[in-house]
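Chain by chain, the residues:
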Amino acid sequence: MSDDAEKPVSRSRFEREKRARQEAEALLESKSRELFLANEELLSHQNSLEKIVEDRTAKLQAALEKAQAASEMRSRFLATMSHEIRTPLGGLIGMINLLRMEEDDSRKIELLDYATASGTALKRIVNDVLDFSKMEAGAFQFHKEAVDIRALTASVLAMAIANSTKDGLTFRQSISDTVPNLFSGDATRIRQVLSNLISNATRYSSEGLIEVRATAEHFDNGSLLRVEVEDQGVGIAPDEKQHLFKDFSQVQNKLTAAAQGTGLGLAISKRIIEGCGGTIGVESRFGKGSVFWFELPVEIVTGTSVEELPQIPEIKDIEALLKGAKVLLAEDNKINQKLIMTFLDRMGLDADLAENGRIAVEKFEPGKYDIILMDVAMPEMDGLQATRAIRDTWAADQIPPILALTAHVMETIEDESRSVGIDRVLNKPIGFQDLRMGIAEALRGRNGSYRRTAKPRDEEQATVLKLMSKDIAEGLVLAMDAREINALVSDFLDDGIRLLRAIRTGWKKKDFETVSADAHSLKGASGLLGFKDLSECASIVEDNADVLDAEDFAEVTDIIADQIKMIRSEVES
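Just so you know, the residues in each chain are numbered from 1, in the order the chain's sequence is written. Where local features are concerned, this predicted model is filtered to residues with pLDDT of at least 70; where side-chain atom pairs are given and counted, the filter is 80 or more; whole-chain, interface and lining totals use all residues. The basis for every side-chain value is the complete set of heavy atoms in the structure, and neither hydrogens nor water enter the calculation.

S.K.: Can you walk me through the sheet that holds strand S11 (residues 402-406) in this structure?
M.R.: By definition, the strands of a sheet pair up through backbone hydrogen bonds, in either a parallel or an antiparallel sense. Taken in spatial order, the five strands make up an open sheet running S9-S8-S10-S11-S12, and their pairing is parallel. Edge positions in the open sheet fall to strand S9 (350-354) and strand S12 (424-427), since each of these has one partner strand only. With strand direction ignored, the average angle separating the axes of adjacent strands in the sheet is 20°. Of the strand pairs in this sheet, strand S8 (residues 326-330) and S9 are connected by five bridges, and their pairing is parallel. Each residue of the ladder has a partner; that of Lys326, found in S9, is Asp350. When DSSP finds two or more bridges between a pair of strands, those strands are recorded as paired. Here a strand is any run of E in DSSP of at least two residues, a helix any run of H or I of at least four, and the numbering for each starts at the N terminus. The angle between two axes is taken between their N-to-C directions and runs from 0 to 180 degrees, where each axis is a line fitted to C-alpha atoms and a helix contributes only its stretch in contact.

Here's what the structure looks like:
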C-alpha cells in the first residue's frame, strides 16, 4: 500500500523536474542565442571601429605629411627669399659705400650718407621680417657652445662704435668678476639680442653714455647671467612699456618718430631669450633714458682661463692684423666680386679671386693664404663642398680660418657650415666694417702657425696728423701710411688754394652765389680731413658772403690762407 502511494509522488516529482529542466534548457538556449547575437554585434562594432580608427589614422598621417611638406616648403621659400633679397641688397649697399669712400664733394657725400642710412634701415627690416618668419615656421633653432661674454660684448660694441655717426655718443663695457669666463649657450643668438639692444640705444640716443653691464650670481648648478644695456636717450612713457615686446609694436612719440623700424626687434629678442630659458625686460624714465636687460641661466664651462681666451682686437689694432694678409675669395656673383675685392683692397689685404668652389680648391695650398672667404651658393662646387674638399685633403694646422659668406639665414646653413669645418658664417649683405671686423677676429682668434710673414709696416707717422681732429686722424692712420696721407693732403691743399683764389675773385665781382658755393666745397673738404679751424672759416664765408664788409672778408680769408700755409709746412717738413 505504501509503495503504491509513493509512485504517484515520484512521477509527479519527475514531471516537475523534467519541466524545470526543459525550461532551464530553453532559457539557456535563449540566453545563449542573445549572447551570440550580442557577440556578433560587438564584433561588427569592433570591425567598424577598427575601420574608423584606420581611416582616422590615415587622415591624420596624411595631414601630418601635408603639414610637414608645407613646413619644408615654407622653410625653402624663406631660404630662397632670404638669398634673393639679401644678394641685390648687399650689392646696393656695398656700391653706395664704395662711392662714399671715393667722393670728395660734401654735397654728394651727404646724399650718399642718406642712401646708406636708408639701405641699412632696409637691411634691418629684412632681417627682422625673415627672423620673425623663421620663428613662425618653427625653423628657429638654438645651439650649445662655449660663450665668452667679454669677447662677445667687446665685438658688438666695436661694431657699434665703428658704425655710429653720432659724435655725442660714448660707449663703455663693464663686466663683473662674478661673470664666468666661459659658459654654455648660443653665442649667435646672444650676440643677436645684444646687438639689437645696443642698436636701439644708439638709434634712440643723440648723446651721452651707452653702457653694457654684465653680472652673475649662483643659480642651481650654474649661474644666472644678467646683461644690461643702459642709454641716456629719449626714454619710454610708463603706459607704452606694456607694448614694447609685442609683435609689430612700436612706441609712439614725437621723439622717436625718426627712428621707427618694423617693431619686431624686441619681439624677436624676447622669443630668443625665452627660448634659451631666460627673461627680458626694461626699466625706463621718459626723457631720461632706459635700461634694457635680460637674464639667462647658464652652465659654467671650466678649464679655460681669461688669459687663454681669444681677445677681440681694438679698432686701432686692426690694421696690424690685416696688413700684408693674403685672402682667397670664392665668389661667383659679379657684383659681389667687385664689391668685396674692392673692400679687401681698401683694407690693405692681398686678395685672390676664385669664381667658384672648384677653382678655390685648385688654388688653395698650405701657406699660401691667411684666410679664406667662401660664398656658400656657387655653381660647379658650392662653398660647403669646397670647404669639405680642402679639409679632407689637408691637415687642420695647414688650413687658415674659413669664413662663409651667405645670403641664406636658415639654421640648416649654419649647421652644415659647422659640420664641414667653416669657422664662422657672415651674413650678406655685409658692410665694410662688418667684413673688416670679421676678418680681424678670425685672424686674431686662430693659432698663428699658418700665418704668412706680413709685409713690414711703415711706422712713420705723418706730422700733419696733429693738425687734424683726433677721430679723423685715427681713421686715416688705419687706412693709409704717411706717404699716402701726405699725398692726400697735398691734393687737398692744391684744390684749397684754387678755391681760395676763386672765393676772392668772386667776392670782388660781387658774385656771392659762386663765393658761397666755393666756400661750401672748401668747408666740406677741410672738414672731411679734420681741419676744423679751416672748415669753420670757410663756413663763415659760405653763410655771410653777401653781408661781410671788405675788412671782415679780408680778415677771414687771410686766416684761411694762413691755415693752408701751416698745413703745407707740415706736409713738406
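S.K.: Looking at this structure, I do not really get the packing of helix H13 (residues 482-508) against helix H16 (residues 550-572). What am I missing?
M.R.: Two packed helices can be described by the angle between their axes and the distance between those axes. Relative orientation of the contacting elements H13 and H16 amounts to 165°, with a least axis distance of 10 Å. As judged from the angle between their axes, H13 and H16 are roughly antiparallel. Handedness of the H13/H16 crossing: left-handed. Along its contact with H13, which presents Asn486, Val489, Ser490, Phe492, Leu493, Asp494, Gly496, Ile497, Leu500, Ile503, Arg504 and Trp507, the element H16 presents Ala550, Phe553, Thr557, Asp558, Ile560, Ala561, Ile564, Ile567, Arg568 and Val571. Under the scheme applied here, ten amino acids are nonpolar (Ala, Val, Leu, Ile, Met, Phe, Trp, Tyr, Cys and Pro), four are charged (Asp, Glu, Lys and Arg), and all others, including Gly, are polar. Residue composition of the contact of H13 with H16, by class: 14 nonpolar, four polar and four charged. An angle counts as roughly parallel when it lies under 35 degrees, as roughly antiparallel when it exceeds 145, as roughly perpendicular when it falls between 65 and 115, and as oblique in every other case. Note: crossing handedness is left-handed where the near helix turns anticlockwise from the far helix by less than a right angle, and right-handed where it turns clockwise. Throughout, a contact is declared for two residues whenever any of their heavy atoms are within 4.5 Å.

S.K.: I keep staring at the pattern of salt bridges and nothing clicks. Help me out?
M.R.: Opposite charge on two side chains permits pairing when their charged atoms draw close. Here, a salt bridge means any Lys or Arg side-chain nitrogen found within 4 Å of an Asp or Glu carboxyl oxygen. If you walk through the whole model with that rule in mind, you get 22 salt bridges. Close ionic contact of Glu228 with Arg213 constitutes a salt bridge, the shortest N to O distance being 2.8 Å. Highlighted residues: Glu228 in strand S5 (residues 222-231) and Arg213 in strand S4 (residues 208-219), separated in sequence by 15 residues. Exposure categories follow from relative accessible area, calculated using a 1.4 Å probe and restricted to protein chains: below 20% of the type maximum is buried, above 50% is exposed, and the middle band is partly exposed. Its relative accessible area of 21% is what places Arg213 among the partly exposed residues.

S.K.: Got a minute to help me understand a negative patch on the surface in this structure?
M.R.: For patch building, the residue pool is restricted to those with more than 30% relative accessible area and no salt bridge; the joining distance is 9 Å between like charges and 5 Å between nonpolar side chains (Val, Leu, Ile, Met, Phe, Trp, Tyr). Throughout, the Shrake-Rupley method with a 1.4 Å probe supplies accessible areas, and for residues the shown protein chains are the sole cover considered. In this tally, Lys and Arg are treated as positive and Asp and Glu as negative; His is ignored, and so are the chain termini. Working definition for charges: the position is that of NZ of Lys, CZ of Arg, CG of Asp or CD of Glu. Taken together, Asp549, Glu551, Asp552 and Glu555 make up a surface patch of like negative charges. With respect to the helices, strands and loops of the structure, Asp552 is situated in helix H16.

S.K.: Is there a simple way to explain the nonpolar core in this structure?
M.R.: Across soluble globular proteins, nonpolar side chains have a tendency to be buried as a group. We define the nonpolar core as a collection of buried residues of types Ala, Val, Leu, Ile, Met, Phe, Trp, Tyr and Cys that are connected through side-chain atoms lying within 4.5 Å of one another. Ranked by internal contacts, the top residues of the largest apolar core, which has 39 residues, are Ile190, Leu194, Ile198, Val229, Phe292 and Phe294. Going through the elements one at a time, helix H3 (149-163), strand S2 (169-175), helix H4 (187-203), S4, S5, helix H5 (265-275), strand S6 (279-285) and strand S7 (289-300) are the ones with two or more residues in this core.

S.K.: What am I meant to see in the pairing of S5 here?
M.R.: With nine of 10 residues buried, S5 is to be regarded as a mostly interior element. Inspection of the sheet shows S4 paired to S5 by nine bridges, in the antiparallel sense. In the sheet register, His218 faces S5, and the bridge partner there is Ser223. In this antiparallel pair of consecutive strands, S4 and S5, the connection spans two residues, and Asp220 shows a positive phi of 50°. In the sheet, S5 pairs with S7 via nine bridges, with the strands oriented antiparallel. Looking at the pairing, Leu225 lines up with Leu296 of S7.

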